[in-house]
Amino acid sequence: MTSFSSRPFHHPQPDSALCCGKTSLEALAHRYGTPLYVYSADQIIERLQLFQQSFKSRDHLICYAVKANSALAILKLLAYRGAGFDIVSGGELQRVQTAASEAMGHVVFSGVGKTSAEIDLALTAGILQFNVESVAELELLAVRAKKLKRKARFALRVNPDVFAETHPYISTGLREHKFGIDIRLAAAIYRSAANNRWLVANGVSVHIGSQIRAAAPFGAAIVRVKKLVEDLGRDGIALRVIDAGGGLGIDYHSDAAKTSAPGPDEKVQEYAAAIEQALRGFEGRLLLEPGRFIVAQAGALVARVLQVKRNGKKTFVITDAAMNDLIRPALYQAHHEIVPVRPRAGRMQTFDVVGPVCETGDFFARDRKLKPLEPGDLVALLDAGAYGMAQSSNYNTRMRPAEVLVEGSRARLIRRRETMADLLAPELF
Ligand SMILES: *Cc1c(COP(=O)(O)O)cnc(C)c1O
């Protein structure tokens, strides 16, 4: 029986080190140093297959959102299992080209500010579809397509004006957001584009935000999109593709206590049911752009405790990982479970877990109850596989972590730790 646990990290015995599958994080930290990102390839594949299975009754393509984690090894892993990709820059396009050039025909290009150079790159590579976010962008796309003598398949990214409960920084589906085209204006734009021989209206796309835990908003958005497709069909404009975007959220809080909480398989099925119900009657192809749901829970950031410092009433655990390695707590007040790799005996204590960066915002957790920690101990920040390394920086001239991919019983380095030479290479003085 397949078990759909939400995380691949576990203690095989209460007193043994935290493992990813069968690989000890203690051994990995010893070998590759800390801070260290560790990912489970098995879980990434399992999550991709959850989506593929849940939509198997229709023609579909899962276009993994590269921005969630753009490690070449992960892109390659996903491409090999039939994933396409959702990219938001020319840089991401070149990553996909490097990791899986055979997947170029399965790439959709999203984003509100594409440059001519990026559009040219994508036209030349022969991507599946441009998700266009404004009339000006569509005009630019037509100019570049004509110049390169390559037809551009496009979808308008419409803004369905659907509210989805999530952090305001990652909500995108309301009229007040910078994203997409007001769905009420879309039909007229498709009609006028029909006169341009370099533009091919391939589909329509929608993406209402990220870390959305409920299925209903996705369904509500697709209902509106499907109506647009039907209206256009009556006008003789047949859109073959609906791109439902990404955004399905995960549970960042520990689920150990509530065994009745729905597992990832149930979450995807519920999501698929909401989308399928909204699509009823649409015979075309469905694209999906999940990012976080595929990689977030597969990854942990392993850090070593440098110091335990008491200041007044607070006890600070200072780790060698910092906000430059994982910015989600600082940026979105995000919660990450923190697990001692080898838990010590003793009563729970209340800690602020912080990094060494010179910012008060450099924290991973405040007033968190954890087993006792001492300098030299290892901790794992869970659910760090998405928007972790991808949003890392060199702030404070800190070298970014190494990354390890665990596949079955094998662990391999997929990105070495940065060196000072890497950091200084582009500078002139
Ligand atoms: C960020 C993004 C995604 C992926 O979002 P997740 O929440 O990681 O699933 C998909 N599509 C577009 C257009 C995006 O901007």
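Everything numeric in this text was worked out from a predicted model, so none of it was measured. Per chain, residues are indexed from 1 in the order of the written sequence. Local features in this predicted model are restricted to residues of pLDDT 70 or higher, and side-chain atom pairs are both shown and tallied only at a pLDDT of 80 or more, whereas totals for entire chains, interfaces and linings draw on every residue. Values reported for side chains reflect all heavy atoms of the structure, with hydrogen atoms and water molecules removed beforehand.

**Section: the overall build of the chain**
Segments assigned H or I by DSSP are reported as helices when at least four residues long, segments assigned E as strands when at least two residues long, and all are numbered from the N terminus. Each helix and strand counted, the chain has twelve helices and 21 strands in total. Computation of the radius of gyration draws on C-alpha atoms alone. For the globule rule, the value is 2.2 Å times the number of residues to the power 0.38. For 429 residues, the compact-globule formula gives about 22 Å, and the C-alpha radius of gyration of the chain, at 23 Å, lands near that figure. In terms of principal-axis extent, the alpha carbons of the chain reach across some 70 × 60 × 40 Å. Here's how the labels work: a residue is buried when its accessible area is under 20% of the maximum for its type, exposed when over 50%, partly exposed in between, all with a 1.4 Å probe on protein chains only. Counting only residues that meet the buried cut, the chain has 57% of its 429 residues in that class.

**Comments concerning the pattern of salt bridges**
By convention in these notes, a salt bridge is any Lys or Arg side-chain nitrogen within 4 Å of a carboxyl oxygen on Asp or Glu. Under the counting rule described, the total for this entry stands at 22 salt bridges. Arg344 is the partner of Asp377 in a salt bridge, and the nearest nitrogen-oxygen pair spans 2.8 Å. Taken together, the positions of Asp377 in the loop between β18 (363–370) and β19 (378–381) and Arg344 in the loop between β16 (338–340) and β17 (349–354) put the pair 33 residues apart, joining distant regions of the chain.

**Topic: a nonpolar patch on the surface**
Surface patches are drawn from residues lacking salt bridges whose relative accessible area is over 30%; two like charges belong together within 9 Å, two nonpolar side chains (Val, Leu, Ile, Met, Phe, Trp, Tyr) within 5 Å. With residues, only the protein chains shown are counted as cover, and all accessible areas are computed by Shrake-Rupley using a 1.4 Å probe. A surface patch of nonpolar side chains, about 240 Å² in accessible area, is lined by Met399, Met420 and Leu424. Residue position: Met399 is located in the loop between β19 and β20 (402–407). With relative accessibility at 30%, the residue Met399 sits in the partly exposed group.

**Points about the sheet that holds strand β3 (residues 23–24)**
Only strands joined by at least two bridges in the DSSP assignment are considered to pair. On the basis of which strands lie adjacent, the open sheet formed by three strands has the order β1-β2-β3 and antiparallel pairing. Two strands lie at the open edges of the sheet, namely β1 (9–10) and β3, each paired on one side alone.

**Quick look at the nonpolar core**
Side-chain atoms within 4.5 Å link the members of a nonpolar core, which is a set of buried Ala, Val, Leu, Ile, Met, Phe, Trp, Tyr and Cys residues. Among the nonpolar cores identified, the biggest contains 109 residues, and Phe85, Phe130, Phe154, Leu156, Tyr190 and Ile275 are the most heavily contacted of them. With seven residues, the top contributor of residues to this core is helix α8 (residues 216–234). Note that domain bounds follow an automatic or database assignment of domains. Residues lining this core come from more than one domain, with at least three contributed by each of domain 1 (2–39 + 297–424) and domain 2 (110–290). Not counting residues within four places of it along the chain, the set of residues in contact with Phe85 comprises Cys63, Tyr64, Val66, Leu75, Leu78, Ala79, Val96, Ala103, His106, Val107 and Val108. Within the second largest apolar cluster, 20 residues are counted, among which are Phe9, Ala17, Leu25 and Ala402. The contact criterion used throughout is that any non-hydrogen atoms of two residues lie within 4.5 Å.

**Observations concerning the packing of aromatic side chains**
Working definition: rings of Phe, Tyr and Trp (its six-membered ring) pair if their centres are within 6.5 Å, and the pair is stacked with planes under 30 degrees apart, edge-to-face with planes over 60 apart, and tilted otherwise. A full pass over the atoms with the stated rule returns eight aromatic pairs. Taking the centre distance of 6.1 Å and the plane angle of 80° together, the rings of Phe51 and Tyr271 count as edge-to-face. With Phe51 in helix α2 (residues 41–54) and Tyr271 in helix α9 (residues 264–279), this pair connects stretches of sequence that are 220 residues apart. In this pair, the class of Phe51 matches that of Tyr271, namely buried. Ring centres of Phe51 and Phe293 lie 5.8 Å apart, and the angle between their planes is 85°; this geometry places the pair in the edge-to-face category. A residue pair is termed long-range when its members are at least 10 positions apart, and Phe51 in helix α2 and Phe293 in helix α10 (residues 292–295) qualify at 242 residues. For the pair Phe51 and Phe293, one class covers both residues: buried. One aromatic cluster is present, formed by Phe51, Phe55, Phe218, Tyr271 and Phe293 through successive ring pairs. Only lysine NZ and arginine CZ atoms are considered, and such an atom sits over a ring when it is within 6 Å of the ring centre and within 35 degrees of the ring normal. Here Lys114 stacks its cationic end above the ring of Phe109, 5.3 Å away from the centre of that ring.

**Notes on the pairing of strand β8 (residues 129–132)**
Each regular strand displays side chains that alternate between the two surfaces of the sheet. Residue alternation in β8 divides its side chains into two sets, Gln129 and Asn131 and Phe130 and Val132, and both sets are buried. Of the strand pairs in this sheet, strand β7 (residues 107–109) and β8 are connected by two bridges, and their pairing is parallel. The residue of β8 that forms the bridge with Phe109 is Phe130. Taking the sense of rotation as the criterion, the β-α-β connection linking β7, helix α5 (residues 116–125) and β8 turns out right-handed. Both β8 and strand β9 (residues 152–159) contribute to a ladder of three bridges, which runs parallel. Bridged to Val132 within β9 is Leu156. A crossover gets the label right-handed when its path from the first strand over the helix to the second runs clockwise, viewed with the strands pointing away from the viewer. Between the parallel pair β8 and β9, the chain is carried across by helix α6 (residues 135–148), and the sense of this crossover is right-handed.

**Notes on the site of the ligand**
If even one non-hydrogen atom of a residue comes within 4 Å of a molecule or strand, that residue is called near it. Lining the immediate surroundings of the ligand are 15 residues, of which Lys67, Ser210, Glu289, Arg292 and Tyr387 lie closest. Between N or O atoms, a polar contact is any pair within 3.5 Å; within protein, one atom must be a potential hydrogen donor and the other a potential acceptor, and residues adjacent in sequence are included only when both atoms are from side chains. A distance of 2.5 Å is found between an oxygen atom of the ligand and a side-chain nitrogen or oxygen belonging to Tyr387. Burial of the ligand by the protein chains amounts to 94% of its free accessible area of 390 Å². Judged by the fraction of its atoms near the pocket grid, the ligand is located in the largest pocket. Across the shell around the ligand, the residue classes tally to three nonpolar, seven polar and five charged. In the cavity and pocket records, a cavity denotes points on a 1 Å grid over the protein atoms alone where a 1.4 Å probe fits but cannot get out, a pocket denotes an open set with protein on both sides within 12 Å along at least 5 of 7 lines, and lining residues are residues with an atom within 4 Å of a point. Here the criterion for a molecule occupying a pocket or cavity is that more than half of its atoms lie within 2 Å of the pocket grid points. The nonpolar class holds Ala, Val, Leu, Ile, Met, Phe, Trp, Tyr, Cys and Pro. Asp, Glu, Lys and Arg form the charged class, and all remaining residues, Gly among them, are polar.

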